[in-house]
Amino acid sequence: MPEIRVTPLAGGTWCWWPTILMSWAFSTRACPVLGSRASSSTDSGTRFHILPHGMSVDDELEIKAYYAGHVLGAAMFQIKVGSESVVYTGDYNMTPDRHLGAAWIDKCRPNLLITESTYATTIRDSKRCRERDFLKKVHETVERGGKVLIPVFALGRAQELCILLETFWERMNLKVPIYFSTGLTEKANHYYKLFIPWTNQKIRKTFVQRNMFEFKHIKAFDRAFADNPGPMVVFATPGMLHAGQSLQIFRKWAGNEKNMVIMPGYCVQGTVGHKILSGQRKLEMEGRQVLEVKMQVEYMSFSAHADAKGIMQLVGQAEPESVLLVHGEAKKMEFLKQKIEQELRVSCSMPANGETVTLPTSPSIPVGISLGLLKREMAQGLVPEAKKPRLLHGALIMKDSNFRLVSSEQALKELGLAEHQLRFTCRVHLHDTRKEQEMALRVYSHLKSVLKDHCVQHLPDGSVTVESILIQAAAPSEDPSTKVLLVSWTYQDEELGSFLTSLLKKGLPQAPS
């Protein structure tokens with residue numbers, strides 16, 4: 001393989017190796033020979049860069065690619081800036097097929113997941129049943145002398161169905177010719193042979209004995225073959241019968257009821273494929289010529305897009321904060337939107353083309369915690385629970401764009417600041433005719449009897465202390481029968497200060513007579 005050099009993002013297209021080669025293969029000019037650099041340009045001027053599975057573009061921007069399974073080289077991308085990220089799926093398939101594996105994503109928890117929704121309401125039946133039904137219909141048609149047209153796109157379903165028919169023809173020892181369009185499909189098959197490591201596990205295990213993309217029963221198609229008598233099977237592009245070779249063959253074969261066209265994928269409204277799947281049997285072609293469709297029309301979904309179950313599976317795996325649906329039909333997208341919101345409890349939107357959606361995010365800011373602060377917390381004898389949040393008291397310091405939580409003592413030392421004591425004071429009014437000194441002594445005796453686990457002291461100046469809490473008695477000049485207790489504490493002893501205030505507000509016990 002060529003040497004890979006990751007360079008800063010500087011325009012162009014970032015993708016995996018198969019995508020670069022396919023892009024070259026499907027361009028109008030010949031594919032240039034690969035050199036030893038990780039970036040190259042096509043004749044159109046597009047610059048391609050090889051993307052590893054994950055890379056950091058700079059200190060803020062990260063790009064990560066995930067296997068999408070849709071076609072060879074297909075990828076889903078996570079784009080991360082700081083602590084916020086977006087996953088864009090493009091087309092993907094959550095079900096492994098005969099030549100590619102299933103799409104995969106980890107629990108990346110992006111702020112936003114943008115996903116396709118082509119089959120937003122479809123849940124496909126068993127893949128094996130579909131394959132059996134497909135082979136049965138093809139076999140029955142050629143047995144009665146009919147021709148089978150399978151419109152496909154050059155990449156993906158063409159290879160999938162070629163492998164399926166190749167295996168069946170070999171098992172049944174059939175001699176009916178199978179053809180595929182020359183050009184794009186032939187080039188695609190060539191590059192599939194080169195990129196065996198990107199295919200599914202079965203093909204990777206057996207390709208030493210036999211490369212599944214070296215077909216024995218499938219040959220290149222020539223336009224003249226369409227007029228040949230007798231049965232045949234033809235894979236032709238494009239897949240929606242809107243132009244090209246597939247439409248030309250369809251026009252020749254449509255009038256014979258022995259023949260069959262099998263549509264293996266989605267067709268956009270307005271295409272010939274969509275019209276015949278909707279039951280239309282008289283088509284107005286170019287020059288107002290009417291084409292009567294007598295051949296059998298079958299729809300058998302071998303699409304490489306995820307169905308509704310697969311989309312829900314991907315959203316569940318990624319665990320995004322929000323989902324945005326694209327690439328689908330509005331009514332079907334609305335159904336899927338409600339399903340995601342109800343079953344997965346994730347907010348979902350489906351903006352129209354050109355509409356702007358603004359999504360609020362809650363950025364996560366990483367904070368380092370000093371070892372000294374952690375040791376002090378552990379010394380209190382509280383064993384932290386792994387999944388339960390723990391409240392830590394400390395000072396938050398930002399240095400070189402990094403945040404650290406440290407003890408207040410360490411913060412003062414690092415910043416070269418002097419400590420300032422902040423005390424809170426609460427006034428408690430009590431009816432008592434005794435002098436302030438006697439009042440303070442009664443407070444001391446009462447607290448000494450109640451707070452046996454705390455250090456309670458009676459100081460020479462008449463004040464009382466409980467830990468860092470200071471209690472002083474005073475008599476307002478306007479009412480000598482009322483005494484005021486001034487209770488003050490630091491923020492560290494706020495809980496004890498509040499308790500003492502509530503206790504003293506209930507009054508002092510009666511002194512013995």
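Per an unreviewed UniProt entry, the protein chain goes by the name Integrator complex subunit 11 and belongs to Rhinopithecus bieti. UniProt, in its Sequence similarities (unreviewed entry) section for the protein chain, records the words "Belongs to the metallo-beta-lactamase superfamily. RNA-metabolizing metallo-beta-lactamase-like family. INTS11 subfamily." The Cofactor (unreviewed entry) comment attached to the protein chain in UniProt states, word for word, "Zn(2+)".

Next up on the list: the overall build of the protein chain. From N to C terminus, the protein chain includes 13 helices and 26 strands. Taken across its 513 residues, the protein chain has 43% of its residues classed as buried. Long-range pairs, those at least 24 residues apart, make up 68% of the contacts in the protein chain with a sequence separation of at least 6. Carbon and sulfur atoms provide 53% of the accessible area of the protein chain, an area that totals close to 28800 Å².

Note that side chains of opposite charge can pair when their charged atoms are close. Enumeration according to the criterion identifies 10 salt bridges in this entry. A salt bridge links Asp227 to Lys252; the shortest N-O distance between them is 3.4 Å. Here Asp227 is found in the loop between strand 11 (218-220) and strand 12 (232-236), whereas its partner Lys252 is found in helix 6 (residues 244-253), with 25 residues between them in sequence. Note on Asp227: relative accessible area 57%, which makes it exposed. Lys252 sits in the partly exposed class, given a relative accessible area of 49%. Its salt-bridge partner being Glu414, residue Arg404 comes within 2.6 Å of it at the nearest N-O pair. Remark: Glu414 occurs in helix 11 (residues 408-415) and Arg404 occurs in strand 21 (residues 402-406); sequence separation between them is 10 residues. A residue is classified by how much of its surface remains accessible, and Arg404, at 30% relative accessible area, is partly exposed. Judged by its relative accessible area of 39%, Glu414 is partly exposed.

Cut-offs applied
Residues numbered from 1 in each chain as written. Predicted model: local features only at pLDDT ≥ 70, side-chain atom pairs only at ≥ 80, totals over all residues. Heavy atoms only, no water. UniProt positions renumbered as here; feature names shortened; annotations may be inferred. Helix = DSSP H or I, 4+ residues; strand = E, 2+ residues; numbered from the N terminus. Buried < 20%, exposed > 50% of the residue type's maximum accessible area, 1.4 Å probe, protein only. Contact = heavy atoms within 4.5 Å. Areas by Shrake-Rupley, 256 points an atom, 1.4 Å probe, with all protein chains shown as cover. Salt bridge = Lys/Arg side-chain N within 4 Å of Asp/Glu carboxyl O.

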